[in-house]
Amino acid sequence: MEEKLDLSVIEHVAALARIELTEEEKEKYAVDLKKLWDEVEKISEIKNYDEELLITPVEHNIELREDINNKMISFEEVKKNAPRTSGNFVEVPVMIHE
């Protein structure tokens, strides 16, 4: 591959990430992304890489329990454990602040 990537590739990636880059940043990231791409290509050169991927270093023999259908609990039972309710809803604290 060339010393650096085509700037159109950098501009495309920046557009996907919704970031604006200066011309100097585009040049810098073109070189950096090319180095990263070269490292990824090295992985694909490994013999038998595509044949069998190792997910974990140890084989796990996990016995899963059988799914059992039970009756659903009523909302009245749910409300007993909920700190606050509003009509047919359980109120929870706001987790996203603007």
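This one's a predicted model, so the numbers in the text were calculated from it and none came from an experiment.

S.K.: Got a minute to help me understand the overall build of the chain in this structure?
M.R.: Along the chain, the regular secondary structure elements total three helices and two strands. Put simply, the chain runs from its N terminus to its C terminus through helices and strands in the order α-α-α-β-β. Considering only contacts within the chain whose residues lie at least 6 apart along the sequence, 31% involve residues at least 24 apart. Surface exposure of the chain reaches about 10000 Å², of which carbon and sulfur atoms provide 55%.

S.K.: Just to check I follow, could you spell out a nonpolar patch on the surface for this structure?
M.R.: Taken together, the side chains of Leu 36, Trp 37 and Val 40 present a nonpolar region at the surface, about 300 Å² in accessible area. Checked against the element boundaries, Val 40 lands in helix H2 (residues 23-44). Taking the relative accessible area as the measure of exposure, Val 40 reaches 44% and is therefore partly exposed.

S.K.: Where do I start with unusual backbone geometry in this structure?
M.R.: Backbone phi values are negative for most residues with the exception of glycine, while trans is the configuration of most peptide bonds. With phi around 55 degrees, Arg 18 is a residue other than glycine that occupies positive phi space. Considering the arrangement of structural elements, one finds Arg 18 in the loop between helix H1 (7-16) and H2. Classification of Arg 18 by relative accessible area gives exposed; the value is 77%.

S.K.: Teacher, can you tell me more about the confidence of the model for the chain here?
M.R.: Predicted coordinates in areas of low pLDDT are best not read in detail. In the predicted model, the chain carries a mean pLDDT of 82, and the fraction of residues at 70 or more is 87%. Between the elements of the chain, mean pLDDT differs from a low of 86, seen in helix H3 (residues 75-81), to a high of 90, seen in H1.

S.K.: Explain the packing of H1 against H2 to me, please; I cannot follow it from the model alone.
M.R.: Each pair of packed helices can be summarised by the angle the axes make with each other and by the distance between the axes. At their nearest, the axes of H1 and H2 sit 9 Å apart, and the two run at 100 degrees to each other. Taken together, the axes of H1 and H2 lie roughly perpendicular to each other. Between H1 and H2, the residues in contact are Leu 7, Ile 10 and Glu 11 and Glu 23, Lys 26, Glu 27, Tyr 29, Ala 30 and Leu 33, respectively. Of the residues that constitute the contact of H1 with H2, the class distribution is five nonpolar, no polar and four charged.

S.K.: Quick question: what am I supposed to make of the pattern of salt bridges here?
M.R.: Any two side chains of opposite charge can pair, on the condition that their charged atoms come close. Applying the stated criterion across every chain yields a total of seven salt bridges. Between Lys 26 and Glu 11 there is a salt bridge whose closest N-O contact spans 3.2 Å. Of the two residues, Lys 26 sits in helix H2 while Glu 11 sits in helix H1, which places them 15 residues apart along the sequence. Given a relative accessible area of 37%, Glu 11 falls into the partly exposed group.

The rules we used
Residues numbered from 1 in each chain as written. Predicted model: local features only at pLDDT ≥ 70, side-chain atom pairs only at ≥ 80, totals over all residues. Heavy atoms only, no water. Helix = DSSP H or I, 4+ residues; strand = E, 2+ residues; numbered from the N terminus. Contact = heavy atoms within 4.5 Å. Areas by Shrake-Rupley, 256 points an atom, 1.4 Å probe, with all protein chains shown as cover. Patch = residues over 30% accessible without salt bridge, like charges linked within 9 Å, V, L, I, M, F, W, Y side chains within 5 Å. Salt bridge = Lys/Arg side-chain N within 4 Å of Asp/Glu carboxyl O. Buried < 20%, exposed > 50% of the residue type's maximum accessible area, 1.4 Å probe, protein only. pLDDT = per-residue confidence, 0-100. Axes fitted to C-alpha atoms, helices over the stretch in contact; angles between N-to-C directions. Parallel < 35°, antiparallel > 145°, perpendicular 65-115°, else oblique. Nonpolar A, V, L, I, M, F, W, Y, C, P; charged D, E, K, R; others polar.

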